[in-house]
Amino acid sequence: MNQSEIPVVPMPTILIVDDSLSYLAALLDRLERHGFMIVLAQTAAEGLMRAEFAEPDLILLDVVMPDIDGFEACRRLKAGKTTKDIPVIFMTGLTDPKQKVTGFDAGGVDYITKPFQIEEVLARINTHLALRRAHRELQDMVGTLAKAREDIVRNEKLAGLGAMVAGIAHELNTPIGNSLMAATTFEVQTDDIGQHLASEGVITRKEFEHYIQNARLSVDILSRNLHRAADIVTNFKQVAVDQTSSQRRSFLLAEVVAGNVLTLQPTIKRTPFVIKQHVPEDLMMESYPGPLGQVITNLINNAIVHAYDGRRDGLIAVTAQLSAQGLVTLGVEDHGVGIRREDVPRIFDPFFTTKLGVGGSGLGLNIVHNIVTEILGGTISVSSELGGGTRFTLMLPMSAPVK
């Protein structure tokens, strides 16, 4: 069977604000190839609005722009409650040292000189993203001390629905924003060339070729982002139906796993952890995708909270294969702190937790065990070594018992 490897990595979001469409196109093309999620704006006012809604990890800001220049835009960003901590890198052709001092005084963290070299741009971006991640980790550590987790049983379904709402809102924001920017830009270009044709009665071949080039770029941005938005809506809609109805149906396991991992993106984005999926694309089951998704979500969250507690990186692997006995072997594995040997036999007991009093109720894995055995008709086991990681293994029938 063919295996699909779908890494689900929290993609850094970069907002680029520049009134030059050619610079926007060049940066969009090169940075997307390096795994960044790109949000575009052609004016400072538009950039300030997108910064509020897209919550970018970093902003590339042109200095010389009409109406509001980059320095003033940066000052406004630093005055905003939700945008004050976003690092701003100025892009400019200015070489006057006084201008650079002005930029730093406005709150910028670095400069990129036009015309830029993409290697320099990537180096500066990666440096400041790393610093921002470190800052967020410190904030999360402080916040964790004040957190109190709600009762798992009482809030399980509501928490799942809340995560889905937050997930779809966050994931749709970027493609819709990019599509709106492309459509608006194309509308302005079309109005300009229409007015020019009406007044002059003719346009040159060069002007027409330039218009066609911009039109193709706009259509490409629209197509990519709208297809992404449609895929996101389809995934979230199916996950929502599954989790609220708990109905039995046929499904591809890879799609269910990917859909539920997607709902975790708001949580994953604020952590340094990576989730990878290795599930056969054609592995079909007749079971309960809602409860199965709840199990997958709980096990991944368990790894984030317990296995990698206090660590700055970590990998969580979700794997599946069809055994010789016709059972689906589904594994969720981490390389974290592991479990003490004496605690392993008690891991699925109700109210057993190593974090009692600091947010752990001890019910999460007990719920997982009950879903696997009572609803999905399978078994679950755990293997772990202190300091060597933990693997949860589910053995599930391809056709679950009818409830």
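The preceding data block contains the structure.
Basis of the calculations
Residues numbered from 1 in each chain as written. Predicted model: local features only at pLDDT ≥ 70, side-chain atom pairs only at ≥ 80, totals over all residues. Heavy atoms only, no water. Helix = DSSP H or I, 4+ residues; strand = E, 2+ residues; numbered from the N terminus. Buried < 20%, exposed > 50% of the residue type's maximum accessible area, 1.4 Å probe, protein only. Contact = heavy atoms within 4.5 Å. Phe/Tyr/Trp six-rings, centres within 6.5 Å; stacked < 30°, edge-to-face > 60°. Lys NZ or Arg CZ within 6 Å of the ring centre and 35° of its normal. Salt bridge = Lys/Arg side-chain N within 4 Å of Asp/Glu carboxyl O. Pairing = 2+ DSSP bridges. Axes fitted to C-alpha atoms, helices over the stretch in contact; angles between N-to-C directions. Parallel < 35°, antiparallel > 145°, perpendicular 65-115°, else oblique. Left-handed = near helix turned anticlockwise from the far one by under 90°. Nonpolar A, V, L, I, M, F, W, Y, C, P; charged D, E, K, R; others polar.

**Examining the overall build of the chain**
Regarding its fold elements, the chain presents 11 helices and 13 strands. Taken across its 403 residues, the chain has 46% of its residues classed as buried. Pairs at least 24 apart in sequence give 72% of the contacts found in the chain among residues at least 6 apart.

**Some points on the packing of aromatic side chains**
Counted under the stated rule, the structure contains six aromatic pairs. Measuring from ring centre to ring centre gives 5.6 Å for tyrosine 23 and phenylalanine 116, while their planes differ by 45°; the resulting arrangement is tilted. Taken together, the residues span a long stretch of sequence, with tyrosine 23 in helix α1 (residues 21–33) and phenylalanine 116 in the loop between β6 (110–113) and α5 (118–146) at a distance of 93 residues. Using a relative accessible area of 23% as the deciding quantity, one classes tyrosine 23 as partly exposed. Ring centres of phenylalanine 90 and tyrosine 111 lie 5.4 Å apart, and the angle between their planes is 40°; on these two criteria the pair is classed as tilted. Of this pair, phenylalanine 90 sits in strand β5 (residues 88–92) while tyrosine 111 sits in strand β6, placing them 21 residues apart in sequence. No difference in accessibility class separates phenylalanine 90 from tyrosine 111, as the two residues are buried. Of the aromatic side chains, those joined through ring pairs into one cluster are Phe71, Phe90, Phe104 and Tyr111. Positioned above the aromatic ring of tyrosine 111, the side-chain terminus of lysine 100 is 5.8 Å from the ring centre. Between the NZ or CZ atom of lysine 114 and the centre of the ring of tyrosine 23, over which it lies, the distance is 4.2 Å.

**A short note on the pattern of salt bridges**
Inspection of every chain in the model, using the stated rule, returns 14 salt bridges. Between glutamate 120 and arginine 124 there is a salt bridge, and its shortest N-O distance comes to 2.9 Å. One end of the pair, glutamate 120, and the other, arginine 124, are both in helix α5, four residues apart, so they sit about a helical turn from each other. A relative accessible area of 28% means that glutamate 120 is categorised as partly exposed. Residues glutamate 209 and arginine 205 are paired through a salt bridge, measuring 3.0 Å at the closest nitrogen-oxygen approach. With glutamate 209 and arginine 205 both in helix α7 (residues 205–245) and four residues apart, the pair spans about one turn of that helix. The exposure class of arginine 205 is exposed, given its relative accessible area of 68%. A network of salt bridges, in which partner residues are shared, links Asp18, Asp62 and Lys114.

**Focus: the sheet that holds β6**
To summarise the sheet geometry, strands pair through backbone hydrogen bonds and adopt either a parallel or an antiparallel arrangement. Strand order in the open sheet formed by five strands is β3-β2-β4-β5-β6, with parallel pairing between adjacent strands. Where the open sheet ends on each side, the last strands, each with one partner, are β3 (37–41) and β6. Pairwise comparison of adjacent strand axes, ignoring direction, gives a mean angle of 20° for this sheet. Note that β5 and β6 share four bridges and pair parallel. Looking at β6, one finds that isoleucine 89 is bridged to aspartate 110. Each of β2 (13–17), β3, β4 (58–62) and β5 is contacted by α1, which is oriented at about 170° to β3, the strand it contacts most. Sheet strands touched by helix α3 (residues 70–79): β4, β5 and β6. Its angle to β5, the strand with the most contacts, is close to 175°.

**Overview of the pairing of strand β13 (residues 390–397)**
Within β13, six of the eight residues are buried, which leaves it mostly tucked inside the rest of the structure. Count of turn residues in the strand β12 (residues 379–384)/β13 antiparallel hairpin: five residues, of which glycine 387 carries a positive phi of about 85°.

**Here we look at the packing of helix α2 (residues 44–54) against α3**
It is the contact of α2 with α3, at a shortest axis distance of 10 Å, that shows an interaxial angle of 20°. One way to sum up the angle between α2 and α3 is to call them roughly parallel. Helix-helix and strand crossings are classified by hand; for α2 and α3 the assignment is right-handed. Where α2 approaches α3, its residues Ala44, Leu48 and Ala51 are matched on the opposing element by Ala73, Arg76 and Leu77. Across the contact of α2 with α3, the residue classes tally to five nonpolar, no polar and one charged.

**Describing unusual backbone geometry**
Of note, the bond from lysine 114 into proline 115 is cis; its omega dihedral lies within 30 degrees of zero at -5°. Of note in this structure, glutamate 55 is not a glycine but carries a positive phi near 50°. Assignment of secondary structure puts glutamate 55 in the loop between α2 and β4. Although it is not a glycine, aspartate 67 sits at a positive phi angle of roughly 65°. You can see aspartate 67 is positioned in the loop between β4 and α3.

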